[in-house]
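So the chains spell out like this:
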Amino acid sequence: MQRWKATVSYDGTQFAGYQVQPGARTVQGEIEKSLSKMHKGTSVRISASGRTDAGVHALGQVLHFDSPLAIVPERWQKAVNALLPADIRILEVEAVPFDFHARFSAVEKEYHYRLMTSGEPDVFRRNYASHFPYPLDHTAIQEAMGIFMGTHDFTSFSSARSEVEDKVRTITMFELVTAGDELIFKVRGNGFLYNMVRIMAGTLLDAGQGKIQPEEIRSMLAEKDRSAAGKTAPPHGLYLYRVTY
């Protein structure tokens, strides 16, 4: 038996999310189905660094699974990709020790949130960037990003449905990048709560529009109440970019 670590990318548009759900098309379901075929019908469970919601994309999701098959890493990648649908790709497979866990061994995660700022939406990018054709104060957004940096209780920036008790997280990088007619919010931290990146993105847009002052984020964090923060930005602008171990 060998434990394998796989780095995966997927287009989240046609998925009900990462996690297996009855009667729904999911990333986990498709990968496990492909692995089951390789194991002659035997069920193979995978564990990922975290779940992504319906419509959310991944460039560097990481998962692990155990297998008795004696296959070299390059062959694993080609064999699984041959069985997967076109909107999921295995980028890399490597052998890891049995104490490796895709979720619990992760040190940091990086997410990108993409905004299309053109006046009219681009039909070819409508599923890959959130359309936001309104004037934004980049300086205010960057100031707000700076307030998120460091260690805080992010209860106000987590979905009320989150069942995680410890909502303290540390943000180590938060940057605003311009790429043509797109703005990209890049954030890295030791972990993220349910909807946390999308709620921060929605709040940053409020700061960029002058609806709130960046300093107000301090009181939002202190209130520890979801209703204190901004709206949850749409899922299709969000990408799980990288997981660091």
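Residues numbered from 1 in each chain as written. Predicted model: local features only at pLDDT ≥ 70, side-chain atom pairs only at ≥ 80, totals over all residues. Heavy atoms only, no water.

### A short note on the overall build of the protein
Quick reminder of the rule: Secondary structure follows DSSP: runs of H or I at least 4 residues long count as helices, runs of E at least 2 residues long count as strands, and numbering of each begins at the N terminus. This radius of gyration counts C-alpha atoms alone. The globule rule is 2.2 Å times how many residues there are, raised to the power 0.38. To sort residues, take the accessible area from a 1.4 Å probe on protein chains only and compare it with the maximum for the residue type: under 20% means buried, over 50% means exposed, and anything in between is partly exposed. Any two residues whose heavy atoms approach within 4.5 Å are treated as being in contact. A 1.4 Å probe and the Shrake-Rupley method give the accessible areas. Residues count as covered only by the protein chains that appear here.
The helix and strand inventory of the protein stands at 5 helices and 10 strands. Computed over C-alpha atoms, the radius of gyration of the protein comes to 19 Å, within 12% of the 18 Å expected from 2.2 N^0.38 for 245 residues, which places it in the range of a compact globule. Taken over the C-alpha atoms alone, the protein extends approximately 60 × 40 × 30 Å along its principal axes. Expressed as a percentage of its 245 residues, the buried residues of the protein come to 50%. Summarising the internal contacts of the protein: among those between residues at least 6 apart in sequence, 71% fall at separations of at least 24. Roughly 11800 Å² of accessible area belongs to the protein as shown, and the carbon and sulfur atoms make up 50% of that amount.

### Thoughts on the packing of helix H1 (residues 27–38) against helix H2 (residues 73–83)
The criterion, for reference: Whenever a helix is involved, its axis is fitted only over the stretch in contact; in every case the axis is a line through C-alpha atoms, and angles between N-to-C directions fall within 0 to 180 degrees. Each angle is binned into one of four classes, with values under 35 degrees roughly parallel, values over 145 roughly antiparallel, values of 65 to 115 roughly perpendicular, and all other values oblique. Handedness of a helix crossing follows the sense of rotation of the near helix relative to the far helix, less than a right angle counterclockwise being left-handed and clockwise being right-handed.
The N-to-C vectors of H1 and H2 enclose an angle of 115°; their axes lie 9 Å apart at closest approach. Our classification of the angle between H1 and H2 gives roughly perpendicular. As for the relative orientation of H1 and H2, their crossing is right-handed in sense. From H1, Ser-34, Leu-35, Lys-37 and Met-38 reach across to H2, where they touch Trp-76, Ala-79, Val-80 and Leu-83.

### Regarding helix H4 (residues 196–208)
We apply this condition: Expected span of a helix, by definition, is 1.5 Å for each gap between consecutive residues, and there is one gap fewer than residues.
The end-to-end C-alpha distance of H4 is 18 Å, a good match for the 18 Å that 13 residues give at a rise of 1.5 Å each. For H4, a buried count of 13 out of 13 residues is recorded, marking the element as mostly surrounded by other parts of the structure. A positive phi of about 80° marks Gly-210, the residue just after H4.

### Quick look at the packing of helix H3 (residues 138–148) against H4
Keep this limit in mind: Throughout, the ten residues Ala, Val, Leu, Ile, Met, Phe, Trp, Tyr, Cys and Pro are labelled nonpolar, Asp, Glu, Lys and Arg are labelled charged, and all others, Gly among them, are labelled polar.
Contact geometry for H3 and H4: axes closest at 8 Å, N-to-C directions at 140°. When the interaxial angle is binned, H3 and H4 end up oblique. Classified by chirality, the crossing of H4 by H3 is right-handed. Here Ala-140, Ile-141, Ala-144, Met-145 and Phe-148 of H3 come into contact with H4, specifically with Met-200, Leu-204, Ala-207 and Gly-208. Taken together, the residues of the contact of H3 with H4 sort by class into 8 nonpolar, 1 polar and no charged.

### Quick look at unusual backbone geometry
In this structure, Asn-195 takes a positive phi of about 70° despite not being glycine. With respect to the helices and strands, the residue Asn-195 is situated in the loop between strand E9 (182–189) and H4.

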